[in-house]
Amino acid sequence: AFSADGSKILTLFFRKDNTSQIALVDAASGAVEVLRSLQWVYPKRMDLSPDGKYVVYDSFRPEAKTERAVYLLPLDG
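This report concerns the structure included in the present document. (Residues numbered from 1 in each chain as written. Predicted model: local features only at pLDDT ≥ 70, side-chain atom pairs only at ≥ 80, totals over all residues. Heavy atoms only, no water.)

### So, the sheet that holds strand β2 (residues 20-26)
Part 1 of the reasoning: Spatially, the three strands line up as an open sheet ordered β1-β2-β3, and their pairing is antiparallel. Two strands close off the open sheet at either side, each with one partner strand: β1 (8-14) and β3 (32-37). Within the sheet, the average angular offset between the axes of one strand and its neighbour, ignoring direction, is 25 degrees. (Pairing = 2+ DSSP bridges. Helix = DSSP H or I, 4+ residues; strand = E, 2+ residues; numbered from the N terminus. Axes fitted to C-alpha atoms, helices over the stretch in contact; angles between N-to-C directions.)

Here it is, written out as structure tokens:
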């Protein structure tokens, strides 16, 4: 997904150690900002909120290994 102004790209990296990382990539420079690491799981869906302040994604709930929940990840830290 692209940010509303087209300056950032929301993406998911898969690492060799089975960690997946939600990240923003600067479209001009290619600089990467890792927002969240998710161990061995990865979101089935993720997107930027309409106001550009959050990443919305799904993942397994900590207390239930088979149920998924929707999470908001603020981009301001």
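### Observations concerning the pairing of strand β5 (residues 54-61)
Part 1 of the reasoning: When strand β4 (residues 46-48) meets β5, the two strands line up antiparallel, connected through three bridges. Bridge pairing in β5 links Met 46 to Tyr 57.
Part 2 of the reasoning: The turn linking β4 back onto β5 is made up of five residues, and Gly 52 within it adopts a positive phi angle of 75 degrees.

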